Amino acid sequence: MDFPVSNRLRRVSLIVWSTIGSLILAGMLLWFMGQVRVIWLPLVFAFGLTVILDPVARVFQRMVPRVIAVVLAYVVLGLVLAGIVSILVPLVDEQVTQFGDRLPALYDQALAWLVETARALGIDFRPELTAAVIQEWLADPANQDTISGFLDGFGTGAGRVLRGVAEIVSVLLLAPVFAFYLLVDLDRMKRLIVDLTPPRLRDEVRFVGQNLGAALGGFVRGQLIVALIVGILSSIALNLLDVPFWLIIGLAAGLLNMVPFVGPFFGGALAVLVTLLEGKPTTALLAAGSFLLIQQIDNHLITPLIQRTRVRLSPLVIVLALLVGGTIAGLLGVLVAVPTLAGFRIVLGHLWRTRVLGESWYEASEAMIELTPPPDRLKRRKGEQTRLFDTTEIDAINQPSTSDVGAGTEPNHE
């Protein structure tokens, strides 16, 4: 039966004005977030610390109260960081000094390589700006006014520099404080969110929240552990190949591995460039092969073992999310793009599949969240093949309870 024209116009106008109002509200929210952007970086790192330290705190919580357990988790983190710093700082300082001493020679070698390449292509390229010329120009007293003017011009951006320093200081000071209070009140905040939910939706909110926490927590902890392993493997491989600045390149590859698809490619390109400038093409090929091997080990062994719970996202969607995140919020946007997208996919995907497609909670979860089994080669045979890791806990999270009636559909048990 068709609606009267007046009712149709009323519905269309309601949709139009609702859309306009939503866009205005979203714009105001983005403007407000931009005004208080100094707090977002500490909050993001506080969330990361909370995800990392919560499992440690829960181990201590079996023996002591929650507050003391959180303090002990911070003590463990401090000891680990102190050990890493005591080992890495002397080596990094030594290699940074070596890099500063060899920078002029590397610059001249890069120019010589460009000249040879241009000559092979039939191009007459004669660079005059060599390292010796630059050093001589800097030491000439007649150029001091130009240098001073350049520094004065750089000083006009002092506000941006100070803002960047303030953001770094805020992260170092505020993120641990925020994370401490989040860790102490985490269980109470979860109960408060559930209590503020309408009773008919509480089971569903609890179920989606468990899936969200398992997926995002696994992603953050997994990325950190994988980055650490990739950094160690890269440093060891480059050291064995006698690549200059092996530790700096390995650390860079490990840190950038927290951003999908970036770490091994960046580390491999940097190692190849350095070895080519050193005149070692064979070592450059071996370094490239090493990073290719490390990437394959990461994709097929390390990540499946560490990140057992993953949200199904295509590589194209991940790349687009990284580009959008970097455009909106720079490095912070790149770091949070993938977990934010994964969170939206879990929540919105659950609503779409349960409300529109009529799937059960368990079916919706299976369609979005992937449980990665360990590689077959790591399964042991003892009478019969057993699993290296037990996924009972994760299966229990995904399996709805008998009270799952808030979704409007019954769980599917086949």
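First things first, this report covers the structure right here in the doc. (Residues numbered from 1 in each chain as written. Predicted model: local features only at pLDDT ≥ 70, side-chain atom pairs only at ≥ 80, totals over all residues. Heavy atoms only, no water.)

Let's talk about the overall build of the protein
Rules: The numbering of helices and of strands both runs from the N terminus, where a helix is a DSSP run of H or I of at least 4 residues and a strand a run of E of at least 2. To sort residues, take the accessible area from a 1.4 Å probe on protein chains only and compare it with the maximum for the residue type: under 20% means buried, over 50% means exposed, and anything in between is partly exposed. Note on contacts: a residue pair qualifies if any of its non-hydrogen atoms lie within 4.5 Å across the two residues. Surface accessibility in these figures is a Shrake-Rupley result with a 1.4 Å probe; residues are shielded only by whichever protein chains are displayed.
Summing up its helical and strand segments, the protein has 14 helices and four strands in all. In the protein, which comprises 414 residues, the proportion classed as buried is 29%. Taking as baseline every contact in the protein between residues at least 6 positions apart, the subset at least 24 positions apart corresponds to 69%. Carbon and sulfur atoms form 70% of the exposed surface of the protein, whose accessible area is close to 26,300 Å².

Looking at helix α9 (residues 246-256)
So the rule is basically this: Directions drawn from the helix axis to the C-beta atoms are what define this arc.
Within α9 the residues assigned to the buried category are Leu247, Ile249, Gly250, Ala253 and Gly254. The buried residues of α9 occupy one face: seen down the axis, they fall within an arc of 165°. In this structure, the buried residues of α9 make contact with α3 (66-120), α8 (202-240), α10 (263-277) and α11 (281-306).

Remarks on the environment of glycine 333
Position of glycine 333 among the secondary structure elements: in helix α12 (residues 315-356). Expressed as a C-alpha distance, the spacing of glycine 333 and leucine 323, which sit ten residues apart in the sequence, is 8.8 Å. Sequence-distant contacts of glycine 333, that is, excluding residues within four places in its chain, are made with Gly325 and Gly326.

Things to note about the packing of aromatic side chains
Stated precisely, the cut-off is as follows: Classification of ring pairs rests on two measures: the distance between centres of Phe, Tyr or Trp rings, Trp counted by its six-membered ring, which must be within 6.5 Å, and the angle between planes, read as stacked under 30 degrees, edge-to-face over 60 and tilted in between.
Counting across every chain of the model gives three aromatic pairs. Seen in terms of ring centroids, phenylalanine 180 and tyrosine 181 are 5.7 Å apart; in terms of plane orientation they differ by 85°. Their pairing is edge-to-face. By relative accessible area, which is 53% here, tyrosine 181 ends up exposed. Every member of this aromatic cluster is reached through a ring pair, and the members are Tyr74, Phe180 and Tyr181.

Focus on the pattern of salt bridges
Put simply, the rule reads: Note on definitions: salt bridges are taken to be side-chain nitrogens of Lys or Arg within 4 Å of carboxyl oxygens of Asp or Glu.
Per the stated rule, a full pass over the model turns up seven salt bridges. Arginine 66 is the partner of aspartate 54 in a salt bridge, and the nearest nitrogen-oxygen pair spans 2.9 Å. A residue pair is termed long-range when its members are at least 10 positions apart, and aspartate 54 in helix α2 (residues 40-61) and arginine 66 in helix α3 qualify at twelve residues. By the burial criterion, aspartate 54 is buried, and arginine 66 matches it. Between arginine 353 and glutamate 359 there is a salt bridge, with the nearest N and O atoms lying 3.1 Å from each other. Accessibility expressed as a relative area gives 22% for arginine 353, which makes it partly exposed. The network of salt bridges with shared partners includes Asp54, Arg58, Arg66 and Asp187.

Details of the side chain of asparagine 257
On the secondary structure map, asparagine 257 appears in the loop between α9 and α10. Given the relative accessible area of 7%, asparagine 257 is considered buried. With sequence-adjacent residues up to four places away left out, asparagine 257 is seen in contact with Gln223, Val226, Ala227, Val230, Gly263, Pro264 and Asp298.

Some thoughts on the packing of α2 against α12
A pair of packed helices can be characterised by two numbers: the angle between their axes and the separation between those axes. Operational definition: Only the contacting stretch of a helix is used when fitting its axis, a line to C-alpha atoms as for every element, and angles between N-to-C directions run 0 to 180 degrees. Throughout, a crossing is termed right-handed when the near helix is turned clockwise from the far one, and left-handed when it is turned anticlockwise from it by less than a right angle. Gly is placed with the polar residues, together with every amino acid not listed as nonpolar (Ala, Val, Leu, Ile, Met, Phe, Trp, Tyr, Cys and Pro) or charged (Asp, Glu, Lys and Arg).
Running from N to C, α2 and α12 point in directions that differ by 35°, and their axes come no closer than 11 Å. Note that α2 runs across α12; the crossing there is left-handed. For the pair α2 and α12, contact is made by Trp40, Leu41, Val44 and Phe45 and by Leu332, Leu335 and Val336, respectively. Taken together, the residues of the contact of α2 with α12 break down into seven nonpolar, no polar and no charged.

Some points on the packing of α8 against α11
Note the cut-off: By the definition adopted for this analysis, an angle is roughly parallel if under 35 degrees, roughly antiparallel if over 145, roughly perpendicular if from 65 to 115, and oblique otherwise.
Between α8 and α11, the least distance of the axes is 10 Å, while the angle of their chain directions is 150°. One way to sum up the angle between α8 and α11 is to call them roughly antiparallel. Like other packed secondary-structure pairs, α8 and α11 cross with a definite hand, here right-handed. Residues Gly222, Ile225, Val226, Ile229, Val230, Leu233, Ser234, Ala237 and Leu238 of α8 touch α11, and the partners they reach there are Ala287, Ser290, Phe291, Ile294, Asp298, Ile302, Thr303 and Ile306. Of the residues belonging to the contact of α8 with α11, the class tally is twelve nonpolar, four polar and one charged.

Scope: geometric values only; no functional claims are made or implied.
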